[in-house]
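Chain by chain, the residues:
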Amino acid sequence: MSTQAARVEEKLFQNRYLVDQGKPHIVVQPHTTPSKNLLAMTKICPAGCYEKNASGQVEITPDGCLECGTCRVLCEPQGDIVWNYPRGGYGVLFKFG
Amino acid sequence: MIEEKFDAIVIGAGMAGNAAAYTMASRGLNVLQLERGEYPGSKNVQGGILYADMLEKIIPDFREEAPLERHLIEQRFWMMTDRSHTGMQYRSDDFNEEKPNRYTIIRSQFDRWFNKQVQAAGAIVISETTVTELVSDAYGKVIGVRTDRAGGTIFADVVVLAEGVNGLLGARAGLRPTPKPEHVALAVKEMHFLPRETIEARFNLHGDEGVVIEAAGTISKGMTGMGFVYTNKESISVGMGCLVSDFAENDETPYGMLEVFKKHPSIAPLIEGSEVKEYAAHLIPEGGYKTIPELFGDGWVVVGDAAQLNNAIHREGSNLAMTSGRLAGEAIFQVKSRRDPMTKQNLALYKKYLDDSFVMKDLKKYKDMPALLHTQAQNFFLTYPTLVSKAMENFLRVDGTPKIEKEKASVRAFREKRSLTGLFGDAWRLARAWR
Ligand SMILES: Cc1cc2nc3c(=O)[nH]c(=O)nc-3n(C[C@H](O)[C@H](O)[C@H](O)COP(=O)(O)OP(=O)(O)OC[C@H]3O[C@@H](n4cnc5c(N)ncnc54)[C@H](O)[C@@H]3O)c2cc1C
Ligand code: SF4
């Protein structure tokens, strides 16, 4: 894991989450080569949810998602991802915001 | 499930939704408000400055109970290079008035309070409920919503979309497009806790006085972006935001930039020794006037960030959200009291109210700013701050160089980096966009 990824995990550790197990609210569509924007998400996602796997595809683990919508704006219109809000009550729970 | 039909359903319990729901419920309308968070506020992020006037128009005596942090007596604008800042600062004891004009707030706590007032005014509020779909009749009129809870459609005469910048429902129903990457900024923010005496000593404050710092310059690496430091009672909000389109084209990570900002020699001493208790991220609509979508239709209105009603130049959003929510509520109440149907034609009253208010007037004034800052980002956020810093250093450093030579060097530096036509062009474009 890169040092930057480590740093963001440390940050997320402060937050409270209620993860909807087995029901990810963001899904990456199957692809062989990621689009430019989808690849950029591995860097832009403020929670470091996107990662490139060994065979070059971009995957998402939205457990630490901050629900900012950046990936929605960059990747949903072209159909790279499907973006929904978590089920009511789930997801990130800001104490301060 | 809910059987009755409501006068209005409000989607979202942020600033805009709370303002709309409060306005309608306190006038006797039968209002249902739905919020996806664990409680109202648990999904919402702000710097955040609260502008008192717009809340006063909704809840005149809010100061008695609302969770306010500090009233602002000082504003600092910092133009930053990697090692310096050139500042403009305004502090006035006049801001220590009986009814202060601006406060810092903590959104999750503030929204929770605001929503309690909505409930006290008579609205039914259901949290932990994500609205999944707008329901329309055969003619395309919005007649209700579906949620992720069991049960069918909940019906209402009108639906107020106060769903914030990621307004999925409106976009999916084809009422407005998904915002473009160049029209939204991604902001990341941390809450740094310190004893209140430490904050007061570091920022030169007494009691509940507060300071905010807005910073721009090389910290955003040539992207259109800003940093901020806001004082709360026992915490400091530190954040950094840049346009999403710029992030997509650059190598910076948002948290990496926040780290650099926090380590800046002008910022680090202010937050030294603090305990970080939360890390948040959120989008800010920055497209301005030209990106405002259709605001009303048959059976629906849209308010706040969902409608891009955000003045990025002045970093105002919540007040536009509250005002648009209130005006939508007043318009709906008017239509309702005339016993008229909630048609597009009748709901145009909301747009009329909005056009007559500061919301549209301010956004119109700055209609050319977002595009200008975006296309000229390199100059405004990298070149000029560096040049200004150099000129300040030239001016202040006493090293035996004759003053006339120092002055010439500063002027030369400006002209080398940016041609004279470029400089005048930027000044002209800025002045025009500001007008
Ligand atoms: C870092 C940062 C700093 C800022 N600083 C300032 C500042 O200093 N001053 C200022 O005035 N403004 C500031 N703003 C802007 C301000 O926060 C927004 O303009 C304001 O919050 C908009 O209010 P809103 O009600 O439209 O949206 P939001 O506050 O985002 O509320 C939307 C609500 O709708 C809910 N929701 C969305 N979809 C659904 C659904 N399908 N079902 C149920 N519920 C749903 C959400 O959970 C949320 O509670 C800042 C913003 C950021 C990100
Ligand atoms: S919504 Fe934001 S935090 Fe969540 S995965 Fe997308 S970019 Fe990352």
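Described in the following lines is the structure provided in the data block. Within any chain, residue numbers begin from 1 and follow the written order of that chain's sequence. Going through the entries in the order they are written, you letter the chains from A and number the ligands from 1. Per-residue local features of the predicted model are confined to residues with pLDDT of at least 70, and side-chain atom pairs are confined, for both listing and counting, to 80 or more; whole-chain, interface and lining totals are unaffected and use all residues. Here the side-chain values reflect all heavy atoms present in the structure, with hydrogen atoms and water set aside.

1. Let's talk about the interface of chain A and chain B
Cut-off, in case you're wondering: Contact definition: two residues touch when any of their heavy atoms are within 4.5 Å. Note on terms: buried area is the combined drop in 1.4 Å-probe accessible area of two parts once they are placed together, counting the loss on both. Any Lys or Arg side-chain nitrogen found within 4 Å of a carboxyl oxygen on Asp or Glu counts as a salt bridge. The definition of a polar contact used here is a pair of N or O atoms within 3.5 Å, where within protein one atom must be able to donate a hydrogen and the other to accept one, and adjacent residues in sequence count solely through side-chain atom pairs. Per the convention used, a helix needs a DSSP run of H or I reaching at least four residues, while a strand needs a run of E reaching at least two, with both numbered from the N terminus. The classification used treats Ala, Val, Leu, Ile, Met, Phe, Trp, Tyr, Cys and Pro as nonpolar, Asp, Glu, Lys and Arg as charged, and all other residues, Gly among them, as polar.
Each partner contributes to the interface: chain A provides 39 residues, whereas chain B provides 57 residues. Carbon and sulfur atoms make up 53% of the area that chain A and chain B hide from each other, which totals about 4,000 Å². A salt bridge links E38 of chain B to R16 of chain A; its shortest N-O distance comes to 3.3 Å. Where chain A packs against chain B, one counts 32 residue pairs in polar contact (both at pLDDT 80 or more). For the side of chain A that touches chain B, the secondary-structure elements that each account for two or more residues are α1 (3-12), α2 (36-44), α3 (70-75) and β6 (91-93) of chain A. Top contributing element to the side of chain A that touches chain B by residue count: α1 of chain A, with 5 residues. Across the side of chain A that touches chain B, the residue classes break down as 19 nonpolar, 10 polar and 10 charged.

2. Looking at the pairing of strand β1 (residues 6-11) of chain B
Residues and elements named next belong to chain B. Using the following cut-off: Partly exposed describes any residue whose relative accessible area lies between the buried limit of under 20% and the exposed limit of over 50%, with all areas from a 1.4 Å probe on protein chains only and scaled to the type maximum. By the convention used here, strands pair only if DSSP detects at least 2 bridges between them. Here, the term right-handed applies to a crossover whose path from the first strand over the helix to the second runs clockwise when the strands point away from the viewer.
Of all 6 residues in β1, 6 are buried, a share of seventy percent or more. The pairing of β1 with strand β10 (residues 154-161) spans 5 bridges and is classified as parallel. Among the inter-strand pairings, I11 is bridged to a residue of β10, identified as L161. In this region the chain leaves β1, passes through helix α1 (residues 15-25) and returns to the parallel neighbour strand β2 (residues 31-34); the handedness of that crossover is right-handed.

3. Re the side chain of E286 of chain B
To keep it simple, the criterion reads: Charged residues are defined here as Lys and Arg on the positive side and Asp and Glu on the negative side; His and the ends of the chain fall outside this count.
Mapping E286 of chain B onto the fold places it in the loop between β15 (275-285) and β16 (296-297). R315 of chain B provides the closest opposite charge to the buried, salt-bridge-free E286 of chain B, at an N-O distance of 5.4 Å.

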